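Observations on chain architecture
Now for the letters of each chain:
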Amino acid sequence: MVTHKEFETAGKVPGLQVWRIENLDLKPIPKNLHGSFFTGDAYILLYTSNAPVPSYNIHMWLGDECSLDEGGAAAIFSTQLDDFMGGKPVQYRETQKFESTTFLGYFKKGITYKDIYQWCGSECNRFERLKASQLAISIRDNERNGRAKLQMVEEGCEPDAVLEVLGPKTKIAPATPDDEKVETLNKKKGALYMISDASGSMREEVVAQTSPFKQAMLSHEECYILDNGMDRNIFVWKGSKANTAERKAALAAGQKFIKDRGYSDKTQIQVIPAGAETTLFKQFFSDWRDKNETTGPTKAYTMGRIAKVDQVPFDASTLHQSSTMAAQHSMVDDGSGKVQIWRVEGGAKVPVDPSNYGHFFGGDCYLILYTYNLGGRDMHIIYTWWGQKCTQDELAASAFLTVKLDDSMGGSPVQVRVTQGQEPPHLMSLFKGKPMIIHSGGTSRKGGQTQASSTRLFHIRTSSSGNTRAVEVLATAASLNTNDVFVLKTTSALFMWRGTGATDEEMKAAKHVEMFLGGNATPVAEGKEPADFWSALGGKAEYQTSKTLQSCIKTRLFGCSNKTGNLSVEEVPGDFTQSDLATDDVMLLDSGDQLFLWIGNDANEEERNGTPKLAKEYIETDPSGRRGIPITTIKQGAEPLTFIGWFQGWDPKMWDTDPLERIRARF
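Residues numbered from 1 in each chain as written. Predicted model: local features only at pLDDT ≥ 70, side-chain atom pairs only at ≥ 80, totals over all residues. Heavy atoms only, no water.

What counts here: UniProt positions are given in the numbering used here, feature names are shortened, and annotations may be inferred rather than shown by experiment.
The protein chain is annotated in an unreviewed UniProt entry as Gelsolin-like of Gouania willdenowi. For the protein chain, the Sequence similarities (unreviewed entry) comment in UniProt is given as "Belongs to the villin/gelsolin family." The protein chain has a UniProt comment under Subcellular location (unreviewed entry) that states "Cytoplasm, Cytoskeleton".

1. Focus: the overall build of the protein chain
Quick reminder of the rule: Numbering of helices and strands runs from the N terminus, with a helix taken as a DSSP run of H or I at least four residues long and a strand as a DSSP run of E at least two residues long. Buried residues are those whose accessible area, probed at 1.4 Å on protein chains only, stays under 20% of the maximum for their type, while exposed residues exceed 50% and partly exposed ones sit between those limits. Contact between two residues is taken to exist if any of their heavy atoms lie within 4.5 Å; hydrogens are not considered. Methods summary: accessible areas were calculated by the Shrake-Rupley approach with a probe of 1.4 Å, and residue burial reflects only the protein chains presented.
Of the regular secondary structure elements, the protein chain holds 14 helices and 30 strands. Burial status across the protein chain gives 54% buried among its 667 residues. Pairs at least 24 residues apart make up 66% of the contacts formed inside the protein chain by residues separated by at least 6 positions. Of the roughly 30100 Å² of accessible surface on the protein chain, 51% is carried by carbon and sulfur atoms.

2. Looking at the nonpolar core
We apply this condition: Note on terminology: a nonpolar core comprises buried Ala, Val, Leu, Ile, Met, Phe, Trp, Tyr and Cys residues joined through side-chain atoms within 4.5 Å.
Within the largest apolar cluster, 36 residues are counted, with the highest numbers of intra-cluster contacts made by Ile 368, Trp 385 and Leu 537. Sort the elements by how many residues they give to this core and strand S17 (residues 365–374) lands first, with four residues. When residues no more than four places from it in sequence are discounted, the contact partners of Ile 368 are Val 339, Gln 340, Ile 341, Phe 360, Ile 381, Ile 382, Tyr 383, Trp 385, Leu 427 and Leu 430. Core analysis: the second largest hydrophobic core is formed by 34 residues, Ile 21, Ile 234, Ile 258 and Val 271 among them.

3. Focus: helix H8 (residues 392–408)
Going by this rule: What a helix is expected to span follows from its residue count: subtract one and scale by 1.5 Å.
Over its 17 residues, H8 extends 24 Å from the first C-alpha to the last, a length consistent with the 24 Å expected when each residue adds 1.5 Å. Where H8 is buried, its residues contact strand S14 (338–345), strand S15 (348–351), S17, strand S18 (377–386) and strand S19 (414–419). Immediately downstream of H8, the backbone of Gly 410 shows phi near 75°, a positive value.

4. Details of helix H1 (residues 68–84)
Taking 1.5 Å of rise per residue, the 17 residues of H1 would be expected to cover 24 Å, and the 24 Å separating its terminal C-alpha atoms lies within 8% of that figure. Of the positions making up H1, those classed as buried are Glu 70, Gly 71, Ala 73, Ala 74, Ala 75, Phe 77, Ser 78, Gln 80, Leu 81 and Asp 82. Looking one or two residues beyond H1, the residue adopting positive phi is Gly 86, at roughly 75°.

5. Re the confidence of the model for the protein chain
In low-pLDDT segments, the atomic positions of the prediction should not be examined closely. How we decide: Across the chain, each position has a pLDDT score giving the predictor's confidence in that residue, from 0 to 100.
Summary statistics for the protein chain give a mean pLDDT of 77 and a share of 79% for residues scoring 70 or more. Low pLDDT, under 50, characterises residues 176–187; the stretch is placed with 20 contacts to residues that sit more than four places away or in other chains. Contacts of residues 292–330 to residues separated by more than four positions or lying in other chains number 151 contacts, the stretch itself having pLDDT below 50.

6. Overview of the sheet that holds strand S5 (residues 90–95)
The condition is simple: The pairing criterion for strands is at least two bridges between them, as found by DSSP. Lines are fitted to the C-alpha atoms to define the axes, a helix being fitted only along its stretch in contact, and any angle between axes, read from their N-to-C directions, falls within 0 to 180 degrees.
Strand order across the open sheet formed by ten strands is S2-S1-S3-S4-S5-S12-S11-S10-S8-S9, with mixed pairing between neighbours. Each of the sheet's edge strands pairs with one partner strand only, and the pair in question is strand S2 (25–28) and strand S9 (203–208). Each neighbouring strand pair of the sheet contributes to a mean axis angle of 25°, computed without reference to strand direction. Relative to strand S11 (residues 233–238), strand S10 (residues 223–228) runs antiparallel, the two sharing six bridges.

7. Observations regarding the sheet that holds S18
One open sheet accounts for five strands, arranged S15-S14-S17-S18-S19; its pairing is mixed. For this open sheet the edge positions go to S15 and S19, each flanked by a neighbour on one side alone. Going from strand to strand, the sheet's axes swing by 30° on average, the running direction of each strand aside.

8. Observations regarding the pairing of strand S8 (residues 191–196)
In terms of burial, S8 is largely enclosed, as six of its six residues are buried. Of the two faces of S8, the one carrying Ala 191, Tyr 193 and Ile 195 and the one carrying Leu 192, Met 194 and Ser 196 are both buried. Bridging between S8 and S10 involves five bridges; their strand directions are antiparallel. Along S10, the bridge assignment pairs Leu 192 with Leu 226. With five bridges connecting them, S8 and S9 associate as antiparallel partners. Its bridge partner being in S9, Met 194 is matched across the sheet by Glu 205.

9. Here's the deal with the packing of aromatic side chains
For the record, the criterion: When two rings of Phe, Tyr or Trp (its six-membered ring) have centres within 6.5 Å they constitute a pair, described as stacked for plane angles under 30 degrees, edge-to-face for angles over 60, and tilted for the intermediate range. Criterion for a charge above a ring: Arg CZ or Lys NZ at most 6 Å from the ring centre, at most 35 degrees from the ring normal.
Counted according to the given criterion, the structure contains 32 aromatic pairs. With a centroid separation of 6.3 Å and an interplanar angle of 80°, the aromatic rings of Tyr 106 and Phe 107 are classed as edge-to-face. Here Tyr 106 falls in the buried class, since its relative accessible area comes to 2%. With a centroid separation of 5.5 Å and an interplanar angle of 65°, the aromatic rings of Phe 213 and Phe 285 are classed as edge-to-face. Separated by 72 residues along the polypeptide, Phe 213 in the loop between S9 and S10 and Phe 285 in the loop between helix H7 (279–282) and strand S13 (305–308) bring together distant segments of the chain. Assessed through its relative accessible area of 0%, Phe 213 is described here as buried. In textbook terms, an aromatic cluster arises when at least three aromatic residues are bridged by ring pairs, as seen for Phe 37, Tyr 43, Tyr 47, Trp 61, Phe 103, Tyr 106 and Phe 107. The ring of Tyr 193 carries the charged tip of Arg 261 above its face, separated from the ring centre by 5.0 Å.

10. Things to note about the pattern of salt bridges
Rules: Whenever Lys or Arg places a side-chain nitrogen within 4 Å of a carboxyl oxygen from Asp or Glu, that contact is recorded as a salt bridge.
With the rule as written, the count across this model stands at twelve salt bridges. For Arg 20, the salt bridge identified is with Glu 22, shortest N-O distance 2.7 Å. The partner of Asp 41 in a salt bridge is Arg 20, and the shortest N-O contact between them spans 3.6 Å. Pair noted here: Asp 41 is in the loop between S2 and strand S3 (42–49) and Arg 20 is in strand S1 (residues 15–22), with a separation of 21 residues, a long-range link. Owing to a relative accessible area of 15%, Asp 41 belongs among the buried residues under this scheme. Of the residues examined, Arg 20 reaches a relative accessible area of 14% and is grouped as buried. Salt bridges sharing common partners tie together Arg 20, Glu 22, Lys 27 and Asp 41.

Take a look at the structure:
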């Protein structure tokens, strides 16, 4: 087995590790630079997840201008790393501008190819402006340590400073559809081949020419190629008992397969060991069963690009062709470093009592200074947390105080600005195993606290990154969710309600909320609630009780936009929140046994009229055989409980303020 000094730390802790190929060797990339890629280089990424069991993804990323030598070295290191880790990782081949959504999911705020400018074309839409602004803020806060000044440049109003960098302005091309070469694709896209070196050289044999396949077609003593090349995807499946030579040659076999068939060199390759099958791979099998599973394959589905609405008939089978999302941020460490917290008050920062660390009030702004050690040197992060109900004066003061704190430390800290409900996993990990507790409003300042309601309800949920947040919600039965834990406090009682699908981690976190509220809560199991429990919530009422919530199904959110003339569909990476619902688009929420179409108030007619047909064909062309599930259309501001239940801490007043104006306030 070939080893390398960089392999020694590979996969030891959850999160993302990145190396760049430099002088045909591996050079680690610091955490604060993750997400930035030089177009002339090649990179190796390893993503490690511990939940529910350890799993690993290896990504080989090739820039458009990287050399053949660097690309070859990346392929070799990917194979060696996979071998070093016992063949357990899933391997991906990524190319610039054609990255898988699994890859993109690691970077919630997007990836950059280094040179980035925020310029708004005269025909760009609000959602594009919003996403561009979020990316620009991320660059300022993370790569420029909060010191860069942001300006939004409109087409036709470019300042001299921009033209000096970009050169003289030329004629701007008019808006065009994202893809003028939309193909009418065959709904039976996949082909399955067995590959073998029994004859002394690698050969392939047709197993099935079209999908869907049967799981029994895969033998653990062989390796297979699942050909989805027309959608730029190739899967190489490694049987657990296949010989060593075949397993090690898996990536090379996939690359040869692409070349032999004349597929684009941008085609993605996933090398998948048996037992680590991705959702996209399993979708090509009509009867897939995971180990110990008896209820059918995981029904998490993905979306790609749809044909132009008016001119070309839909082929919604293309919706199923993107990979699964990792949707997690990287962690600089495990959160065990030093934490200091201040509350913004009267234009100054006031220390928060350490006994109250982890408690955040929606009417406040906070500065959190985190210090950790890296290679014998202290490193610093300043998190600036903005409550949804804080004042504009406090927002402005917090920005000033953040820069002032940064200056006092010589400009060395990394700055991260966080809005309530959008907390990154690392911030949630800073409270020594306790959940982050978010109070709905009010303030923690001395003598200024808002009188707490006589009845309070806290919603406890663990994110996909394993961190837990407790959010105060409206104390009504409608706020309950069968997938989570809730702590209810009244003037005379304290209840801990466990939904059928809740986890032990959420119960453990609820104990901390229980202690904060007075301790000794009465345990209440879903379906066995006493009368005084319902009475405290204003009476028994409907709440989110979908059986899907009690399973391991990955619920997914997609934005459907037709601003350019084509109906394009993009998955929201990571743990989605209410803030991810774009008010000028139609959003599609796939919960496995139900499909929701959420129509934003500013969505255009093409989106409103075209998306229902898209959703219908999306279900009808699902290769795993899912048919006949209900499709529910809802309007912004009139969301039912069955929709709201998928979003923690739903705020019915969120859209009282324009989302673009909120993001512009952070410039």
